[in-house]
Amino acid sequence: MDLKARHPVREPVTTRPGPVSPNDSIEQNSRFAHRLSGCASMHDQIFAAPIARLGDFCFDEQVVDVFPDMIQRSVPGYSNIISAIGMMAARYAQPQSRLYDLGCSLGAATQAMRRHVTQPGCQITAVDLSHPMIERARAHLSGFKSEVPVELIEADICDIPIENASVVVLNFTLQFVAPEKRAALIARIFDGLRPGGILILSEKFRFDDEQVNELLIDLHLDFKRANGYSELEISQKRTALENVMRTDTLAVHQARLRDAGFTHLDLWFQCFNFGSMIAIKASDTN
Ligand code: GEK
C-alpha cells in the first residue's frame, strides 16, 4: 500500500488550537510527550464534515497538522506507552548501538528515548514514509537539547537496513505495513538486534472471540466519543482506514515474533483493543 499516493478528496476544514485530552495526560514523566503530542497541536477536525469521495487515509500535510491531537484522542494509553518506551530504552540501550523508531511520525518515541538514554555512543534512527511527517519531526525534535544524535530518514521501513540495534520501536506502525511483508520485517529486526536487545511493538489488535472483539471495539468508540469525536467523524475515519490499517490478533503477533527467533516475549500493556508487546533477543544468541 503506497500511503503517500492516496489522497482522500475532502471538504475544506478549519482547524483551531485544541485542548489536550485529559485521558492520557496523567503521567508526570510524559511532559515531553505532550510537548510533541498535545499542547501545540491543532484540533483534529479532518472528518468532522461530510466528505463526498472518501479515499484511503494517508499521512499527508493535513494529518500532520493535527497528528498529536489525533493520536492522543484516538489511541488509549498513547502517552503511557511513550513514557514507558523511554524507560525501556534507558534499560536496554547498549553502548555504541543504534535505537530505531520505525514509523516515527513526529518523533514522540524518539524524543522519549533520547531523553532517557545515558549509555555512551548511542544514536537514534527515526524512519517514516511520509515526507511531511519527517519534515515536521525534524522541526519538533530540533526544539529539544540532547547529546544523542538522531538521524531522520524518509523511507519505507521494509527497505532500510537494521544493524547494531539494541532497541527497536514499532509504535502503532506494523498495522500499516502490508500483511505479507510483516514476517520479513520482524525477521530483519531480529537479525539486526544485538543479543539482549529489545523490540517494543504497539498495535491495535483484533480478537478471535467475536463477543470480546465487539466489546473492545465498542469501548474504544466510547473512548473516542468521550474525547469529542462525533459519530460522523468516527464512521468516516473508520471507512478511510479500512484498506490501510489491517490488524492482527495477539496470537498472530506472538507466532510471528517466535518464528523470527524471539524467545522472551509478552504483552506489557493493554487498554481495550490497543496494546504493546515486548520481545527480547536472548543474550546468548549470536
Ligand atoms: C508515534 N510511532 O507517535 N514505512 C515507514 N513509515 C510508515 C510505513 C512504512 N512502510 N507505513 C506507515 N508508516 C508514532 C505513531 S502512526 C500511527 C505511528 C497512527 C508511518 C506513517 O507515515 C505514520 O507516520 C506512522 O507510520 C503510523 O509513536 O497514526 O495510528
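Structural data are supplied above this passage.
Summarised in this report is the structure supplied together with it. In this text, all values refer to a predicted model and were calculated from it rather than measured experimentally.

The rules behind the values
Residues numbered from 1 in each chain as written. Predicted model: local features only at pLDDT ≥ 70, side-chain atom pairs only at ≥ 80, totals over all residues. Heavy atoms only, no water. Buried < 20%, exposed > 50% of the residue type's maximum accessible area, 1.4 Å probe, protein only. Helix = DSSP H or I, 4+ residues; strand = E, 2+ residues; numbered from the N terminus. Pairing = 2+ DSSP bridges. Right-handed = clockwise from strand over helix to strand, strands pointing away. Expected span 1.5 Å × (residues − 1). Polar contact = N/O pair within 3.5 Å; in protein donor to acceptor, adjacent residues only side chain to side chain.

## Digging into the pairing of strand E2 (residues 123-128)
Then comes step 1: Burial within E2 is extensive, with five of its six residues counted as buried.
Then comes step 2: Of the strand pairs in this sheet, strand E1 (residues 98-102) and E2 are connected by five bridges, and their pairing is parallel. Within E2, the position partnered with Arg 98 by the bridge is Gln 123.
Then comes step 3: Between the parallel pair E1 and E2, the chain is carried across by helix H4 (residues 108-116), and the sense of this crossover is right-handed.
Then comes step 4: Of the strand pairs in this sheet, E2 and strand E3 (residues 150-154) are connected by five bridges, and their pairing is parallel. By the bridge assignment for E3, Thr 125 is matched with Glu 151.
Then comes step 5: For the segment spanning E2, helix H5 (residues 131-141) and E3, crossover handedness is right-handed.

## Re helix H3 (residues 78-92)
In an α-helix, one turn spans 3.6 residues; hence positions three or four apart end up facing the same way.
Then comes step 1: Its 15 residues give H3 an end-to-end C-alpha distance of 21 Å, which sits within 8% of 21 Å, the value for a rise of 1.5 Å per residue.
Then comes step 2: Counted residue by residue, H3 has 11 buried out of 15 residues, so it is predominantly covered.
Then comes step 3: Restricting attention to buried positions, one finds in H3 the residues Tyr 78, Ser 79, Asn 80, Ile 81, Ile 82, Ser 83, Ala 84, Ile 85, Gly 86, Met 88 and Ala 89.

## Concerning the environment of Asp 56
Then comes step 1: Turning to its location among the elements, Asp 56 is positioned in the loop between helix H1 (31-37) and helix H2 (61-74).
Then comes step 2: Since its relative accessible area comes to 11%, Asp 56 is described here as buried.
Then comes step 3: For the pair formed by Asp 56 and Asn 243, sequence separation is 187 residues and the distance between their alpha carbons is 6.7 Å.
Then comes step 4: Within polar-contact distance, the side chain of Asp 56 engages the side chain of Asn 243 at 3.1 Å.

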